[in-house]
Amino acid sequence: MSTLVGARILVIDDEPQIHRFVRPALEAANYVVERADTGAEGLRLAASRAPDLVLLDLGLPDMDGHELLARVRGFSQVPVIVLSARDRESEKIAALDGGADDYVEKPFGVGELLARIRTALRHCRARDQVPEIVRFAGMEVDLALRQVRVAGVVVPLSRREWALLSLLAHNAGRVLTHRQLLTGVWGPAHVEDVQYLRVYIGQLRQKLGDAGRLLGTEPGVGYRMAEATEKPGANYVEPSSA
Amino acid sequence: MSQADDIRPDPDELLAAAISEARTGKLKIFLGAAPGVGKTYEMLVQARSRQAEGVDVVAGIIETHGRAETAAQIEHIPILPRRTIQYRGRGLEEFDLDAALARRPALLLVDELAHTNAPGSRHAKRWEDVAELLAAGLTIWATLNVQHLESLNDDVARITGVRPSETLPDRVLDLADEMEIIDLSPADLRQRLKDGKIYRADNASRALEGFFKEQNLAALREIALRRAAAHVDTHVRAWMRRSGVRGPFPASEYVLALIGLDDSAESVVRQAKRMADALHSRWAALHIERPADPEAAARTARHALALAAQLGADTEVRAIDGTNLVAALLDAARARNASHLVIGRGAAPAWRRLTGRRLAGQLLQRAPEFALHVVPAPNVTSRRRTPRQRAARPGWVPWVAVTAAVAIATCGGVAMGRMLPVEASNMIYLAIVVFAAVFWGTYPALYAAVTGLFAWDFFFVPPIYAITIESPQDLVTGLVFAAVAVLTGGLAGRTRAEASAARTRVESLRRIGAFSRRLGTPTTEPDLLSEIAHQGADLAVRAVVLTTQANELSLQAAQPAQAELDEGAWAAARWAAEHGEQTGQGTSTLPSANWRFFPLHTVREKLGVLGVQPDAELDEPRLQALEALSDQAAVALERVRLATESARAAAMQDTQVLRTALLASLSHDLRTPLTGIQGAAGTLRTAWDKISPATRTDLLESIELDVGRMARFLHNIADLTRLETGEIRPRIAPVLVAEIAEAAITRLPDPLHVATDIGAPLAVRADAALLEQSLFNVLDNAVKYAPGGSIVHVRAAAHRGEVAISVTDEGVGIPPDDLGHVFDSFFRVHRGDRTAAGTGLGLAIARGLVEAMGGRIEAQSPSPQAHRHGFPGTVITIHMPQSVGIPEV
């Protein structure tokens, strides 16, 4: 699983119409597709075929999607993207908090689906590497120096603001739920204090100016930092400033 | 009681203060002792100085009475045009209330508060116009002469010999936030009069000798000053109570005016009001009603009670059936803890005077704890008193009949040659007296006694043909006859009166009972309104019911149906609806309207009005009945409206449930095909080159399939809507079940999984197209839930005039709790989020169609044919009436 190309994707959905277009779409993007029509079959294939990514429909007739997710997490850290409806926020949040990496709202476009799959696979690959600088259009988050630069100018941040921004930047392109952010920045005692988040996100957006729009809101679910333009590898060399 | 409680502000006073503070409009009264002291002049002078300060001053109505000084002051003040009211061919100019309301000046000047408006105006009196303007928030300055105050009416009449015809209730003074007394010494005033500044010279000299006599003016001036002082006093006391100041309040005095049946009733009321004012005490007016009271006297009492209410008294009417008036009076007085009783000297019957049974005397004797005030009988003939109506007496018939009976008895006695003894002939006359008493009451009985006595004496008692009696025996007989006749007549008369009063009371109770029964029956508003109109018309020839909707009054029911209201009646109706008072004919508000309106108001809201147009003036029992009717009608109307509202709320809730189900279904049933379509289209667009032609074709077919699913969903919704609005009208004819089943099965995507078992050529009475659709929906549902490869069975059998068409699947079955709901719209047996693709509408539509054709549909699970170890399965059966005739094929 060293390359993006050829990754094996397991699609678990009971609706044949979904399989009918997901398979050619993913195959055209050079992924290998495994199809499962029931939860039981999906669980079996997740164990036996070791997929690089799982697309999971939360509404399966034979098994609760959350239960399936929990059982997959019992033996694998494979990235899971759930398919869900816009009006089922609590379901999405539960899935994300339960270990899913991202979600796609039905009905979804093929382009969006492929973008989410790419992001999830990249994160998975970069999981063990500690990046030094995450770059965005007009903004750099320097995780080593613990500073953020907008258009080359350092923006002073408080400790909590930095903690929040670095967590989002670390997961650039992925949604983080309120609970994940609150636990990560304030600690598990504050998982209900969503208003903290609103305040700090607001402050961050203000301090970052134009770059503040990189901090996207997922209504009712959490926040998502835009995709990084470039992800530094271990031997990434910063261009000379001279 | 603790100290804190003692100094707590009086809640009533606080409320009164809040009301007057909440009212933004302020009233200032320029009070004068007599005409010509310069009230209007002073008001205009002050108004002009306000105008100079930039205040928007408008003269609402100013009477200059041709006085030059006054006319000079008004020149610079804008004047509101007067309204012309046509009355009996004359145009009367009046203050234009609506124009004032529309113009809304910062300060409005209104002259002559006591003025009586022309008939056809909205209010009978100008002060009522002002009250309305105040309520609307306008600030008003007005002028008033003290002689017009209702409570001073008697005093002024006694002092000046002239009873002011235009009066206004004393509480109008309470409305005033400010009062300015315009004082002029009597000498100066008379000088002004002599100078011709008040009236033209010829009138002036007459006035100097009459109303403007020096002592009259001095007395009026004193009254005016006292009144103004009392007003200040009231304000100070109100302030003291509001602020919780502990003051030397008079002990709790209570004045009770006892309203009798004589002419002094109104004087009693005014005296009581003055006493209550002087004592700063509360007061009430009490009238004791007895069955034998003559109607005219009862009306006088009612007028006095109305006056008392106007002057701010509590009023009470007690009805007693016996004769013990004094006990009833004292009872009421003690119940109210009264300290002062005010009664009229009145005109007691002569025999009562003789026996010393005057009410005042009895009260003095039996009620030592009360201060008793006896008011003199009025000595000035009232100009405004309506001519006293004589009590309703029997017509001429009784008198003629009694005369004839006496004549016949006499002739008969004479013709028989005086064969009867003298005593016996006497008995015949006594019989006539008793008859007269029983049939016609006291007076004809007395007449019979007198004529009988004379006839008997003249024709039968020796000496015959002379009105003299010789023998002492005959004298005794005559006296006994007279005594018996008078007693019998009186007793019979009273019994009659009591019986008739009892009848009236029973009648009115019966009516009220009938109202609640009749008004309780209708369940819809139009029915109820027409019933109310019906009941109203029973009492007063024509009746209409108007209801208020969105502040607009509209005619809802009329009896007879063509009854209509003219403009004046509409105005009266609107007033009644808005203010909750009776208006129109016989009331003080818009009395010129030829209808009378009773408000239909409940505690909660103003519902409308009941209007009646009687053929003659409404008498008391009919008035009471109409009042009872309007009360009960209001309650009944409110009840019907609440019932309708709650039914609507229930329906809304059903609709809400359905809407939620529809939204959930839309979300699920449209999202899935939409995802398929969007995904397939997106794949085709982005990856066209990278996928095989076969895959492209498959994706396109997939789009078609999903579009079909969405179309079917929308089609089902449309069908259901049409069913629910009753647009589907089945055409019933005999149809063959086998044909219908075959047609339905061939429409299924996979007809091979359906087995039919339909015996002999069974026919049902149904609409072929609708039955096919119903059966298709049931089959579609069965196929969807049946496990792959299993068979769905369609069977038909006749039973007791019906044909049962059953569809059996071998699917997962339906839990017992859900069996009752499978035919509900958007119902889906819960199996996690995702179920087989379906809308939850198919079975609901099937049921709707089957029921529209007069059949029924039912579900059964598990199926009786289920294998012991397989799925429980479901049977859905359509029952249709069997057709005896077989349709031609």
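For every chain, the first residue of the written sequence is number 1, and numbering continues from 1 along that sequence. Chains and ligands are labelled sequentially in the order written, the chains with letters from A and the ligands with numbers from 1. At least 70 in pLDDT is required for a residue's local features to be given in this predicted model, at least 80 for side-chain atom pairs to be given and counted, and no such filter applies to totals for whole chains, interfaces and linings, which use all residues.

Undergrad: Explanation requested: the overall build of chain A in the structure shown.
TA: In terms of regular secondary structure, chain A is built from 8 helices and 12 strands. Residues are called buried when their C-beta atom has 20 or more other C-beta atoms within 10 Å, exposed when it has 12 or fewer, and partly exposed otherwise; all C-beta atoms are positioned from the backbone. Expressed as a percentage of its 242 residues, the buried residues of chain A come to 37%. Whether two residues are in contact depends on their C-beta atoms, placed from the backbone: they are in contact if these lie within 7 Å. In chain A, of all internal contacts separated by at least 6 residues, the share reaching a separation of at least 24 is 59%. The way it works is that DSSP assigns letters per residue, a run of H or I at least four long becomes a helix, a run of E at least two long becomes a strand, and they are numbered from the N terminus.

Undergrad: How should the overall build of chain B be read in this particular structure?
TA: Scanning chain B from terminus to terminus reveals 27 helices and 24 strands. Restricting to contacts in chain B with at least 6 residues of sequence separation, those with at least 24 account for 70%.

Undergrad: Explain the packing of helix H25 (residues 737–746) of chain B against helix H26 (residues 768–785) of chain B to me, please; I cannot follow it from the model alone.
TA: Two quantities define a packed helix pair, namely the angle between the helix axes and the distance between the axes. Residue and element names in this part refer to chain B. Direction vectors running N to C along H25 and H26 enclose 50°, while the axes themselves pass 9 Å from each other. With respect to H26, the axis of H25 lies oblique. Between H25 and H26 lies a crossing of right-handed hand. Side by side, H25 and H26 meet where Ile740, Ala741, Ala743, Ala744 and Ile745 of the first sit next to Ala768, Leu771, Glu772, Leu775, Phe776 and Leu779 of the second. Three categories are distinguished: nonpolar for Ala, Val, Leu, Ile, Met, Phe, Trp, Tyr, Cys and Pro, charged for Asp, Glu, Lys and Arg, and polar for the others, with Gly belonging to the last. Taken together, the residues of the contact of H25 with H26 sort by class into 10 nonpolar, no polar and 1 charged. In this analysis, axes come from line fits to C-alpha atoms, helices being fitted only over the stretch in contact, and the angle between any two N-to-C directions falls in the range 0 to 180 degrees. Should an angle lie under 35 degrees it is considered roughly parallel, over 145 roughly antiparallel, and from 65 to 115 roughly perpendicular; all remaining angles are considered oblique. Left-handed describes a crossing in which the near helix is turned anticlockwise from the far one by less than a right angle; the clockwise case is right-handed.

Undergrad: Any chance you could explain the sheet that holds strand S2 (residues 57–61) of chain B here in plain terms?
TA: Pairing between the strands of a sheet is mediated by backbone hydrogen bonds and can be parallel or antiparallel. Residues and elements named next belong to chain B. When DSSP locates at least two bridges between a pair of strands, those strands are taken to pair. One open sheet accounts for 5 strands, arranged S2-S5-S6-S1-S7; its pairing is parallel. Taken across any chain shown, the strands that pair with only one partner, and hence form the sheet edges, are S2 and strand S7 (178–182). Ignoring strand direction, the axes of neighbouring strands in this sheet form an average angle of 20°. Sheet topology note: the S2/strand S5 (residues 107–110) ladder contains 4 bridges and is parallel. Counted as the bridge partner of Ala59 is Leu109 from S5. Each of strand S1 (27–32), S2, S5, strand S6 (140–145) and S7 is contacted by helix H3 (residues 39–52), which is oriented at about 165° to S6, the strand it contacts most.

Undergrad: Help me understand the nonpolar core, please; the structure alone is not making it clear to me.
TA: The nonpolar side chains of soluble globular proteins are, as a tendency, buried together. Residue and element names in this part refer to chain A. Within the largest apolar cluster, 63 residues are counted, with the highest numbers of intra-cluster contacts made by Ile9, Val54, Leu56 and Val82. Domain limits in this description derive from either an automatic procedure or a database domain assignment. Domain assignment of the residues forming this core places at least three in each of domain 1 (8–125) and domain 2 (133–225). Aside from chain neighbours lying at most four places away, what touches Val82 is Leu56, Leu58, Gly65, Ala95, Ala100 and Tyr103. Note on terminology: a nonpolar core is a set of buried residues of type Ala, Val, Leu, Ile, Met, Phe, Trp, Tyr or Cys, with members joined through C-beta atoms within 7 Å.

Undergrad: Any chance you could explain the interface of chain A and chain B here in plain terms?
TA: How big an interface is tends to be stated in terms of the accessible area lost upon association of its parts. The interface is formed by 22 residues belonging to chain A together with 25 residues belonging to chain B. Contributions of two or more residues to the side of chain A that touches chain B are made by helix H1 (16–28) and helix H5 (110–125) of chain A. When residues in the side of chain A that touches chain B are grouped by element, the largest group, 8 residues, is from H1 of chain A. In terms of residue class, the side of chain A that touches chain B is made up of 12 nonpolar, 4 polar and 6 charged.

Undergrad: What am I meant to see in the pairing of strand S14 (residues 552–559) of chain B here?
TA: Residue and element names in this part refer to chain B. The pairing of strand S13 (residues 542–549) with S14 spans 7 bridges and is antiparallel. Residue pairing across strands places Gln549 opposite Glu552, the latter belonging to S14. Counting the residues that bridge the hairpin from S13 to S14 gives 2 residues, and of these Ala550 lies at a positive phi of roughly 50°.

Undergrad: Where do I start with unusual backbone geometry in this structure?
TA: Of all residues except glycine, most have a negative phi; of all peptide bonds, most are trans. Cis peptide bonds are those with omega within 30 degrees of zero, and the linkage from Lys106 of chain A to Pro107 of chain A qualifies with -5°. With respect to the element layout, Pro107 of chain A can be found in the loop between strand S5 (102–106) and H5. Residue Glu112 of chain B is not a glycine yet carries a positive backbone phi of 55°. Positionally, Glu112 of chain B belongs in the loop between S5 and helix H6 (126–135). Note on Glu112 of chain B: 22 C-beta atoms within 10 Å, which makes it buried.

Undergrad: Sorry if this is basic, but what is going on with H6 of chain B here?
TA: Given 3.6 residues per turn, any residue in an α-helix points the same way as the ones three and four places further on. All names here are of chain B. Within the span of H6, buried status applies to Arg126, Trp127, Asp129, Val130, Leu133 and Leu134. Along the axis of H6, the buried positions cluster into a sector of 150°, meaning they face one direction only. Looking at the buried residues of H6, the elements they touch are S1, helix H5 (97–103), S5, S6 and helix H8 (171–175). Directly beyond the C-terminal end of H6, a positive phi value near 95° is found at Gly137. Each C-beta atom gives one direction from the helix axis, and the arc is the one those directions make.

Undergrad: Got a minute to help me understand the sheet that holds strand S1 (residues 8–12) of chain A in this structure?
TA: All names here are of chain A. Ordered by their spatial adjacency, 5 strands build an open sheet running S2-S1-S3-S4-S5, and the pairing between neighbours is parallel. Each having just a single partner strand, strand S2 (32–36) and S5 make up the two edges of the open sheet. The mean angle between the axes of side-by-side strands here comes to 20°, regardless of whether they run parallel or antiparallel. Examined bridge by bridge, S1 and S2 share 5 bridges and lie parallel to one another. Bridge pairing links Ile9 to Val33 in S2. Sheet contacts for helix H2 (residues 39–48): S1, S2 and strand S3 (53–57); angle to S1, the most-contacted strand, approximately 165°. Helix-sheet contacts for H5 involve S1, S3, strand S4 (80–85) and S5, and the interaxial angle to S5 is about 175°.

Undergrad: So what exactly am I meant to see when it comes to the environment of Arg83 of chain B here?
TA: Assignment of secondary structure puts Arg83 of chain B in strand S3 (residues 83–87). Once the C-alpha coordinates of Arg83 of chain B and Ser121 of chain B are considered, the two residues, 38 residues apart in sequence, prove to be 9.7 Å apart.

Undergrad: So what exactly am I meant to see when it comes to the packing of helix H6 (residues 159–170) of chain A against helix H7 (residues 178–185) of chain A here?
TA: Residues and elements named next belong to chain A. At a minimum axis separation of 10 Å, H6 and H7 run at an interaxial angle of 130°. Comparing their axes, H7 and H6 come out oblique. By crossing handedness, the relation of H6 to H7 is classed as right-handed. Of the residues in H7, those touching H6 at Arg160, Ala163, Leu164 and Leu167 are Leu181, Gly184 and Val185. Of the residues in the contact of H6 with H7, the class split is 5 nonpolar, 1 polar and 1 charged.

Undergrad: Could you clarify how one ought to interpret the confidence of the model for chain B in this entry?
TA: Segments scoring low in pLDDT should not have their predicted coordinates read at a detailed level. Residues and elements named next belong to chain B. Residue-level confidence of the predictor is what pLDDT reports, using numbers from 0 through 100. Model confidence for chain B is summarised by a mean pLDDT of 78, while 85% of its residues fall at 70 or above. Averaged pLDDT values for the elements of chain B fall to 44 in helix H1 (residues 3–6) and rise to 91 in S5. The model gives residues 349–356 a pLDDT under 50, and that stretch makes 5 contacts with residues more than four places away or in other chains. The model gives residues 830–837 a pLDDT under 50, and that stretch makes 16 contacts with residues more than four places away or in other chains. With a pTM of 0.42, the predicted complex shows an ipTM of 0.73.

Undergrad: Would you mind showing me how to read H2 of chain A here?
TA: Residue and element names in this part refer to chain A. If you check which residues of H2 are buried, you get Gly39, Gly42 and Ala46. All buried residues of H2 project into a common sector of 55° when viewed along the axis, lining one side. Residues of H2 that are exposed and angled more than 90 degrees away from the buried face: Arg44 and Ser48. Phi turns positive, to about 45°, at Ala50, one or two residues after H2.

Undergrad: Got a minute to help me understand the confidence of the model for chain A in this structure?
TA: All names here are of chain A. In the predicted model, chain A carries a mean pLDDT of 84, and 89% of its residues have values of at least 70. Of all the helices and strands in chain A, helix H4 (residues 89–97) carries the lowest mean pLDDT, 84, while S1 carries the highest, 94. Below a pLDDT of 50 lies the segment residues 232–242, which in the model reaches 6 contacts outside its immediate sequence neighbourhood of four places, other chains included.

Undergrad: So what exactly am I meant to see when it comes to the environment of Ile467 of chain B here?
TA: Checked against the element boundaries, Ile467 of chain B lands in the loop between helix H19 (442–459) and helix H20 (472–520). Along the sequence, Ile467 of chain B and Ala455 of chain B sit 12 residues apart, while their C-alpha atoms lie 9.0 Å from each other.

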